Amino acid sequence: MNSYDTATMQSPTRAQERGLEAHRLMLGDCQQRCATFPEVKSETHPNMTNDTQSPEMTDGFHLVIDALKLNDIDTIFGLPGIPVTDLCRMAQAEGMRVISFRHEQHAGNAAAAAGFLTQKPGICLTVSAPGFLNGLTALSNATVNCFPMILISGSSEREIVDLQQGDYEEMDQLAIAKPLCKAAFRVLHAEDIGVGIARAIRAAVSGRPGGVYLDLPAKLFAQTMTAEAGKKSLIKVIDPAPRQIPASDAVKRALDLLKGAKRPLILLGKGAAYAQADADIRALVEKTGIPYLPMSMAKGLLPDTHAQSAAAARSYVLAEADVVVLVGARLNWLLSHGKGKTWGQDKGAKQFIQIDISPTEIDSNVAIAAPLIGDIGSCVAALLAGMGDGWTKAPADWTGAIAERREKNLAKMAVTLALRPSPMNFHSALSVIRDQVKARPDAIVVNEGANTLDFARSIVDMYQPRKRLDVGTWGIMGIGMGFAVAAAVVTGKPVIAIEGDSAFGFSGMEVETICRYNLPICVVVFNNNGVYRGTDKNPSGSKDVAPTVFVKNARYDKLMEAFGGVGVNATTADELAKALAEAVASGKPTLINAVIDETAGTESGRIASLNPQSAVKK
Ligand code: ADP
Ligand code: TZD
């Protein structure tokens, strides 16, 4: 019955033996308990079998798979091991796509990105304790970013965990997950698997999306019940993310405020990208003629080349605007908390209209004059309906002043982008990627690093919604390969991962995963020999190098070659352009080691001011 046993019994290592023993104990224990406790006892439980009739049977493994499939979830990102190895195998046998990673954090990041791209919760499957903890960073990051995902982890026996008797990979995972995600559930009985998965799906995608933890103890998987009862126990979730219609007085309040605005601004956040209300959002922007700013993952909701984009005049519009419409964007650190110099504190108070699905987001940092609570699709549709046909466009003196600044800044930037210094700097390398994305606007860009992130965000224009995935709300490194794998798996489109050399290191081993599944991913490593830069010196004179520098002139391209992908060392913009175009056209896993001037970066990119300064002069 358990193919893990037979598959690994030939020559088990000591660790495997320990694991197998634990597994055997679990199974034995399960059988014993089945005989003892009525809730899992086949003879007495109404859903369980009676051997004499030999009806078709199912078990916990199959119920988990059936419950996911019933809810149109077709992909699992995970990493096998006790007690979920057979779950991976069986899911694959049942037609699900199972993408196995080298580290759970990247499987979790893939699940999160899949959730963001599809509005269906991405599934990450891990083993207990350490595997669970490895996945937890991604679960927590997904929750912070409002991405729907479900981390499903196998766990040890409750009886042993709760008495802290030292089980194989013992940990009270549910308790640990709870504060780090939106909801956490545990299923103890096979007949509750349907409810558990339904609750997890609803919790992940309804209201403000987020991460959900589902704890499945090992012995659940082997519990049996009749196939018929099993089928009946599953739940097809109806309307998992119900529309939330804004109140009409809230819509009127928002429109009244917007009507009187002299210098209005629309700010689009990744909530707007997630909502998939692309046509209405574009209609809102174009009908009102209001200039807009996209947050990084909202880039492409309207093409970055749109005449109303104020991205190239960002500081000006943030400081000068009088009424700001926030669409799925929080006034957190990325927006200087809605106050201070960035927001032109000396120019009088701003008034905000905030569209968000979460009522408690309102007034989180500054007073919000017109909250509009609901899903973005419904809210934007209500605004459009309320505006009717005769809505007056944003004042021309405001839009004209922005256009003037934008053109000036874009012209200045064009000169910088045309330069071809040797070695490459961030601008020359990114100008090449910018051209490639323009040629293939359906490609998905994944982006992490410090300078590599900041420059790419402003230089690489996006043309279509949900084509840019990045470090998000935490500014977290390590999302690169997980996000790239998910983007390729979910969309089948080419993926260009623009990676700082430090950032890449967090998930670099997943190039093997990329090669194994032959995914159309081109990783471009901006190799400037270190975190931020490669120039720091150890001031102590000891033989260690400085904490921010790496091995000089490393060849990350060889890493991809090691697994059969294409590796290219690019020292000029032309070489980079050629390699990138070939990678995108061929769809072959490719890693381009883009050699960047090691002096080119700045400390922490554009957020250097967040570094605490020592008060002591030494
Ligand atoms: P950004 O980082 O791009 O500024 P944030 O992650 O800070 O964006 O904000 C996203 C916001 O969008 C969150 O406050 C979240 O509650 C909200 N949100 C997510 N999905 C929806 C939706 N479908 N409708 C309304 N609001 C949403
Ligand atoms: N660890 C994690 C998980 N997230 C982080 N954000 C950091 C550490 C700190 N950090 C940054 O904020 S950016 C960065 C680190 C380590 C890497 C910057 O170096 P890079 O990019 O090589 O990736 P640039 O382009 O050379 O600056």
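For the structure given in this document, a descriptive report is provided here. (Residues numbered from 1 in each chain as written. Chains lettered and ligands numbered in written order. Predicted model: local features only at pLDDT ≥ 70, side-chain atom pairs only at ≥ 80, totals over all residues. Heavy atoms only, no water.)

1. Observations regarding the sheet that holds strand E2 (residues 75-78)
Short version of the rule: A pair of strands counts as paired when DSSP detects no fewer than two bridges linking them. Working definition: helices are DSSP H or I runs of at least four residues, strands are E runs of at least two. Numbering for both runs from the N terminus. With axes taken as lines fitted to C-alpha atoms, and helix axes fitted only over the stretch in contact, angles between N-to-C directions fall between 0 and 180 degrees. Residues count as neighbours in contact if any of their non-hydrogen atoms are within 4.5 Å of one another.
The strand order across the open sheet built from 6 strands is E3-E2-E4-E5-E7-E6, with neighbouring strands paired in parallel fashion. On the outer flanks of this sheet lie strand E3 (97-100) and strand E6 (183-186), each paired with one strand and no other. Within this sheet the neighbouring strands show an average axis-to-axis angle of 20°, counted without direction. One ladder, built from 2 bridges, connects E2 with strand E4 (residues 122-126); its direction is parallel. Note on E4: the bridge partner recorded for Gly78 is Leu125. Here helix H4 (residues 85-93) sits on the sheet in contact with E2, E3 and E4, set at roughly 140° to E3. Contacts from helix H9 (residues 193-205) reach strand E5 (149-155), E6 and strand E7 (211-217), with the element oriented near 165° to E7.

2. Comments concerning helix H6 (residues 129-145)
Two residues of an α-helix separated by three or four positions point the same way, owing to the 3.6 residues in each turn. Keep this limit in mind: A helix's residues, less one, multiplied by 1.5 Å, set its expected span. The bend at a residue is defined as the angle formed between two axes, one fitted to the seven residues ending at that residue and one fitted to the seven starting there. Between buried and exposed lies partly exposed: a residue is buried under 20% and exposed over 50% of the maximum accessible area for its type, with that area taken using a 1.4 Å probe on protein chains only.
Taking 1.5 Å as the rise per residue, H6 with 17 residues should run 24 Å; its terminal C-alpha atoms sit 24 Å apart, in good agreement. At Gly135, H6 shows its maximal bend, which comes to roughly 30°. Extensive coverage of H6 is indicated by the burial of 12 of its 17 residues. Of the positions making up H6, those classed as buried are Ala129, Gly131, Phe132, Gly135, Leu136, Ala138, Leu139, Ser140, Asn141, Ala142, Thr143 and Asn145. Of the surrounding secondary structure, the elements contacted by the buried residues of H6 are helix H5 (104-118), E4, E5, helix H8 (173-177), E7 and helix H13 (270-274). Just downstream of H6 lies Cys146, where phi reads positive at about 65°.

3. Re the site of ligand 1
Let me state the cut-off plainly: A cutoff of 4 Å decides nearness: a residue is near a molecule or strand if any of its heavy atoms lies inside that distance of it. N or O atoms closer than or at 3.5 Å make up a polar contact, with two conditions inside protein: a donor-capable atom paired with an acceptor-capable one, and, for residues adjacent in sequence, both atoms drawn from side chains. The method behind every accessible area is Shrake-Rupley, applied with a 1.4 Å probe, and residues are considered shielded solely by the protein chains displayed. Basically, the charged four are Asp, Glu, Lys and Arg, the nonpolar ten are Ala, Val, Leu, Ile, Met, Phe, Trp, Tyr, Cys and Pro, and anything else, Gly included, counts as polar.
By nearness alone, 19 residues border ligand 1, and Arg208, Lys270, Arg330, Asp356 and Ile376 come closest of all. Contact distances for ligand 1 include 2.8 Å between an oxygen atom and a side-chain N or O atom of Arg330. A distance of 2.9 Å separates a nitrogen atom of ligand 1 from a polar atom in the backbone of Ile376. Contact with the protein chains removes 96% of the 580 Å² of surface that ligand 1 exposes when unbound. The element best represented in the shell around ligand 1 is H13, accounting for 3 residues. A breakdown of the residues in the shell around ligand 1 according to their chemical character gives 8 nonpolar, 6 polar and 5 charged.

4. Regarding the pattern of salt bridges
Filter applied, for reference: For this document, the term salt bridge refers to a Lys or Arg side-chain nitrogen within 4 Å of an Asp or Glu carboxyl oxygen.
One pass over the structure, following the stated rule, counts 28 salt bridges. Note that Asp72 and Lys236 form a salt bridge whose closest N and O atoms lie 3.2 Å from each other. Of this pair, Asp72 sits in the loop between helix H3 (60-70) and E2 while Lys236 sits in the loop between helix H11 (227-233) and helix H12 (248-259), and the two are 164 residues apart along the sequence. For Arg516, the salt bridge goes to Glu512, with nearest N and O atoms at 2.8 Å. You can see Arg516 and its partner Glu512 sitting in helix H22 (residues 511-516), 4 residues apart, about one turn around the helix. Since its relative accessible area comes to 36%, Arg516 is described here as partly exposed. If you follow the salt bridges from partner to partner, you end up with Arg102, Glu512 and Arg516 in one network.

5. Details of H9
For H9, spanning 13 residues, the distance from its first C-alpha to its last is 18 Å, which sits close to the expected 18 Å at 1.5 Å a residue. Summarising burial for H9: 10 of the 13 residues are buried, a large majority. Listed in full, the buried residues belonging to H9 are Ile193, Gly194, Gly196, Ile197, Ala198, Ala200, Ile201, Ala203, Ala204 and Val205. Downstream of H9 by one or two residues, Gly207 has phi in the positive range, about 55°.

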